[in-house]
Amino acid sequence: MKKKPGFSLGTILALCLTVAVTVGCIFLFGKIRGSNSNVRMDAQRVLGVMGAMIQTSTDAPNPQATVRTVTVTLAPLTAPPVENIPAPTATPAPALVQDPSPQRYSFSLTAGGLLEFDSDISDSVYNKQDKSVDYRPIVSPISAKIYADMNLVTLPQVVNTADRKYGDTLVPSEAAEAVRFMGFDEVILGTEHVLDQGAPSAGDTVTALTARGLLSTGLNLGTASQCRMVPINGTSVAILSYTDILTQKTKNTLKSQPSLFHEYDPETVRQDIQNVRNQGARFVIVCIYWGKTDAASVTNAQKNTARSLAEMGADVILGTRPTRVLPMEIITTTGADGKARDTFVAYSLGTLLSESREAYDIAGILLHLNLTSDEQGRVHLDSAEYTPTYIWRQTIDRKTQYRIICSADAAPEEMSEQQKEVMGRALNRIQTTLKDSPVSQRR
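Residues numbered from 1 in each chain as written. Predicted model: local features only at pLDDT ≥ 70, side-chain atom pairs only at ≥ 80, totals over all residues. Heavy atoms only, no water.

## Considerations on the packing of aromatic side chains
So, point 1. As enumerated under the stated definition, the model contains five aromatic pairs in all.
So, point 2. On the basis of an interplanar angle of 10° and a centroid distance of 5.9 Å, the ring pair of Trp290 and Tyr347 is categorised as stacked. Here Tyr347 lies in the loop between β14 (340-346) and β15 (351-353) and Trp290 lies in the loop between β11 (281-289) and α9 (300-312), a separation of 57 residues in the sequence. Pair check on accessibility: Trp290 and Tyr347 agree, each one buried. (Phe/Tyr/Trp six-rings, centres within 6.5 Å; stacked < 30°, edge-to-face > 60°. Helix = DSSP H or I, 4+ residues; strand = E, 2+ residues; numbered from the N terminus. Buried < 20%, exposed > 50% of the residue type's maximum accessible area, 1.4 Å probe, protein only.)

What follows is the structure, encoded as structure tokens:
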């Protein structure tokens, strides 16, 4: 008997192994290629083909029967294109804020000393009927002298917005109106008494000044800032305010809220000046509350501090607290570029308004500076002048009246001969104090 053609057991096992490997490759290729491949494999179709390879005919003799050979050609496996992703790079440090092109910038500054609305001054303009005060008659005679690009003054008191009470360190909100009426736009709050009434009262002061369109510097509270950048004439002017003396009340407030402001510290100031320079400040003005109230001369400590500030990069240093005007000078240091740079220093701007009748307290000044920053960023002092001021007190209808006037101007007609003589002596004191300073009297 002739045996039917077929496959041996070894052949069948080899074919099964081939099928298993082929199916595994199909699924593996599909996984690699993903759904976007141009060639798609159908596992069931291939299994059908492979099944046909092992199919045998057992019913009809076929002497010519042979094994069917099927060749399956797989399309070449090509990996999808890889996007050109740049290698990660470190984020560069932010560039310094600079003017778009080297050019010259100029601005003018007027600075006044202590503006103290003491109790006697408030009494002189107090209206008993409506329980209000109006300081405008006191300050209006000098307002015509205040007209620079930036006009700043120091307010050593806290504004009371809660009621009409006032005293030597507490003033009603009308004081803020008077400051604005005079022509000032920047108020320096960095003094020893700024937190005597606590942070809420200091916040009320800032709010009252802001409501009148005034900027506050020397306190980090509300809209106020200890370091402020002010845009002027296409560039930036930085105002920084510090004090090296505090009352115990203010110290106690700072213990629980140290961020309200920083006392004068060389390293802190150095960093602050560097920060404002990095932000694009062309001019840096440092206001410092220092020394003794009755100081008659500049101390060595103040001179050393002034030189340190100049070396740190301050262009102008404005001192307050002494009630009298003190001499001024220009300190020359070497800048970062190796070239000489000048810093103008006013050791004390004295008193612009006070109830005191001490000889030197009744004489003050308005300081007028014109500065230019050249194409290399070096600051030049174009001019330095002062307007001598006098606190005129007189009695009309048995009521005391105060006025801030220019002592170099013609005396008002209603001024008595005695008052004219007092004003003349006040002018002479200012002229004598500043005779060797790099500043001239404004005509």
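## Quick notes on the pattern of salt bridges
So, point 1. Here the structure, examined in full by the defined rule, presents 14 salt bridges.
So, point 2. A salt bridge links Glu186 to Arg228; the nearest nitrogen and oxygen atoms lie 3.7 Å apart. Here Glu186 is found in strand β7 (residues 186-188), whereas its partner Arg228 is found in strand β9 (residues 227-232), with 42 residues between them in sequence. In terms of burial, Glu186 and Arg228 fall into one category: buried.
So, point 3. As a salt-bridge pair, Arg270 and Glu267 come within 3.7 Å of each other at their nearest N and O atoms. Of this pair, Arg270 and Glu267 are both found in helix α8 (residues 266-278), three residues apart, which corresponds to roughly one turn of the helix.
So, point 4. Overall, Arg270 belongs to the partly exposed group, its relative accessible area being 41%.
So, point 5. The structure contains a network of salt bridges with shared partners spanning Arg277, Asp315 and Arg341. (Salt bridge = Lys/Arg side-chain N within 4 Å of Asp/Glu carboxyl O.)

## Focus: the side chain of Thr191
So, point 1. Among the secondary structure elements, Thr191 is positioned in the loop between β7 and α6 (199-211).
So, point 2. If we ignore the near neighbours within four places in the chain, the residues touching Thr191 are Thr154, Leu155, Pro156, Thr243, Leu246 and Tyr289. (Contact = heavy atoms within 4.5 Å.)

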